[in-house]
Amino acid sequence: MGWLLADSWTVAKRHLLHIRSMPEKLSGVTIQPIVFVFMFAYIFGSAIAVPGGDYRQFLLPGVFVQSMATASASIMAGIVSDMASGVMDRFRSLPMARAAVLIGHTGANLVESVLGIVAMAVCGLIVGWRPELGLAPTLAAFGLLLLFGFAMSWVGVFAGLFLKSSEGAQGLGFVLIMPLTFVANTFVPTGGMPAILRAIANWNPTSAVVTACRQLFGGAVPAATAWPQVHPVLASLLWCAALVAAFLPLSVWRFRRAMAAR
Amino acid sequence: MATAAIRAEGLAKRFGKTRALDGVDLVVEPGTILGLLGPNGAGKTTIVRILTTLLRPDAGTARVDGFDVVRQGHEVRRRIGLAGQQAAVDEYLTGRANLVMMARLYHMPAARARARADALLEQLGLAAAGDRLVRTYSGGMRRRLDLAASLVAAPPIIFLDEPTTGLDPRSRLDLWAMIEGLARAGTTVLLTTQYLDEADRLAGRIAVIDHGRVVASGTPDDLKRSVGGERIDVRAPDTETLPAVRRAVAAALGTEPALDPETGRLTAQVADGVAGLRAVVRELDRAGLAVNDLALRRPTLDEVFLALTEREVAS
């Protein structure tokens, strides 16, 4: 167990060192959400009516959550390229804890998410977003975002272990992330959606985390009756716990199998 | 009898309908180099993957340094180094960071890991490039770094899967010298190759693999003897003089040379290469024939292969 942590840390450092040699790796958690903030704040926002009337206060939690979900696509691409390049074989021929290869990767992802949150928060403050309830709820919201990012990164790992090419990873990343973050209350209230989509959106884990953040940052939250929207913090915690409980062991199992089969 | 460094018995592996290995037996004594020689798809890499615990055999057993590769995988991994076909190093780290990471994953303390990385960079001639990203390295430098990565824990047994495939001649010679140095220092080496000259130069023993089986094994000399000595190649300058050249070679050697219709090259097998070559030169001189090319060479892998597989079919 001690070695599992030590080995995971060594692997995590590898991925963090990558930031120095390819800073573009961070674009998914920095530039992309910043573009979304400006695009929605200044272009679409004028046409979207939200409760309380302050679209930027409504928008920022959505962009925060979306960027956490996007991080799972980059980890998926990383897993695919390690499998293809023989780096995974090298790790597997070492007397190290095998699960550390995956845990280290998701751990590094978490650190990248922290950097992304800082970048987005600064950008949000510039366009007029304000965390209004003080330090503790704000930090709780950031904590929840990181937990969601961590849970989603295990979904990315699991999906990555099935793919052969990084093109496939890009395609699947798009197909996975777009509906997850758009069929939700991320950018618009769900009230105007057709009934089926509204039901999906209200139960989407993304929506639970978004609503939880809206509450914790302070600001108007659309009235809701769906259970995850009434208890968003609890629903977010349950969703994250369920995702990790399902996809962490599945990933480790798949990792062992995917390698043995080649 | 001392424990063999590597002992495999009856290894078999299928991938779907393909029978990748069909009963492979191997023994490698400590401190020696075994060359696994064979064409693409013969099963060489599958053997390496089983012996390095990356793949489970469907049947058969293998022990590395006395430990079973299936049941005692962790013990095996503590005693081996693997350098694969692709240089499995991280492109976006420096050479030094790659080696430090490996050393840490072998659970060396940080200071020792750094010292080990420095020593290996020095040993493999990468000291000056140690702080550059690997993506800026040449193919030869990558392979050397990959070899360094497999040596981090100074394992008693290393596996090199086609270590020089795709390298330029200079890098190939460098890598050969390093592998020889390892063996001199007592490391057991199992290397796979498609090149007879590589196996010949490095390996004390060679196992020829084809269709998932060991079709021949022995010292390089054993193998060459088994396929009948050396070859003399002669190329006539044009098709008009070809028949005359052919007659001259046949007269000199007392055996009809084979003609490769693609290249116009005549090849004859000789027991004593130097004597045969002199006889051919004399005969060509007497007939007043000029030739474009005249060479004495050892059998190529193709020829070893044809000879060995023909024998298989015959027996």
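Chemist: Which residues make up the overall build of chain B, and what are the values?
Modeler: Within chain B, the regular secondary structure consists of 11 helices and 14 strands. Overall, chain B is about 75 × 45 × 40 Å in size when its C-alpha atoms are taken along their principal axes. Counting every position in chain B, which comprises 315 residues, the buried fraction comes to 50%. Long-range pairs, those at least 24 residues apart, make up 67% of the contacts in chain B between residues at least 6 apart in sequence. Each charge class in chain B can be summarised by its mean position, and for the 42 positive and 40 negative side chains these summaries are 6 Å apart.

Chemist: Residues and numbers for the environment of T186 of chain A, please.
Modeler: Residues and elements named next belong to chain A. Inspection of the secondary structure puts T186 in the loop between helix 7 (166-182) and helix 8 (195-203). Sequence separation between T186 and L59 is 127 residues, and the spatial gap between their C-alpha atoms is 7.1 Å. Apart from the residues lying within four places of it in its own chain, the contact partners of T186 are F58, L59, G62, V63, Q66, T181, T206, V210 and R214. Polar contacts involving the side chain of T186 include one to the main-chain carbonyl oxygen of T181, which spans 2.5 Å.

Chemist: Can you explain the packing of helix 3 (residues 55-85) of chain A against helix 7 of chain A? Please cite residues and give values.
Modeler: All names here are of chain A. Taken N-terminus to C-terminus, the directions of helix 3 and helix 7 make an angle of 165°; their axes are 9 Å apart at the nearest point. By the angle between their directions, the pair helix 3 and helix 7 is classed as roughly antiparallel. Taken as a pair, helix 3 and helix 7 cross one another with a handedness that is right-handed. Across the interface between the two elements, Q66, A69, T70, S72, A73, M76, A77 and V80 of helix 3 pack against S166, A169, L172, G173, I177, L180, T181 and F182 of helix 7. Per-class residue counts for the contact of helix 3 with helix 7 are 10 nonpolar, six polar and no charged.

Chemist: So what's going on with the interface of chain B and chain A? Which residues, and what values?
Modeler: Counting residues at the interface gives 30 residues for chain B and 26 residues for chain A. Here chain B packs against chain A, burying approximately 2,500 Å² in sum over the two surfaces, 58% of which is carbon and sulfur. The interface formed by chain B and chain A includes three salt bridges. Residues D146 of chain B and R90 of chain A are paired through a salt bridge, measuring 2.9 Å at the closest nitrogen-oxygen approach. Where chain B meets chain A, there are 10 residue pairs in polar contact (both at pLDDT 80 or more). Breaking the side of chain B that touches chain A down by element, the ones donating at least two residues are helix 2 (73-77), strand 6 (80-83), helix 3 (95-105) and helix 5 (139-151) of chain B. In terms of residue class, the side of chain B that touches chain A is made up of 18 nonpolar, six polar and six charged.

Conventions adopted
- Residues numbered from 1 in each chain as written.
- Chains lettered and ligands numbered in written order.
- Predicted model: local features only at pLDDT ≥ 70, side-chain atom pairs only at ≥ 80, totals over all residues.
- Heavy atoms only, no water.
- Helix = DSSP H or I, 4+ residues; strand = E, 2+ residues; numbered from the N terminus.
- Buried < 20%, exposed > 50% of the residue type's maximum accessible area, 1.4 Å probe, protein only.
- Contact = heavy atoms within 4.5 Å.
- Lys, Arg positive; Asp, Glu negative; His and termini not counted.
- Charge placed at Lys NZ, Arg CZ, Asp CG, Glu CD.
- Polar contact = N/O pair within 3.5 Å; in protein donor to acceptor, adjacent residues only side chain to side chain.
- Axes fitted to C-alpha atoms, helices over the stretch in contact; angles between N-to-C directions.
- Parallel < 35°, antiparallel > 145°, perpendicular 65-115°, else oblique.
- Left-handed = near helix turned anticlockwise from the far one by under 90°.
- Nonpolar A, V, L, I, M, F, W, Y, C, P; charged D, E, K, R; others polar.
- Buried area = accessible area lost by both parts, 1.4 Å probe.
- Salt bridge = Lys/Arg side-chain N within 4 Å of Asp/Glu carboxyl O.

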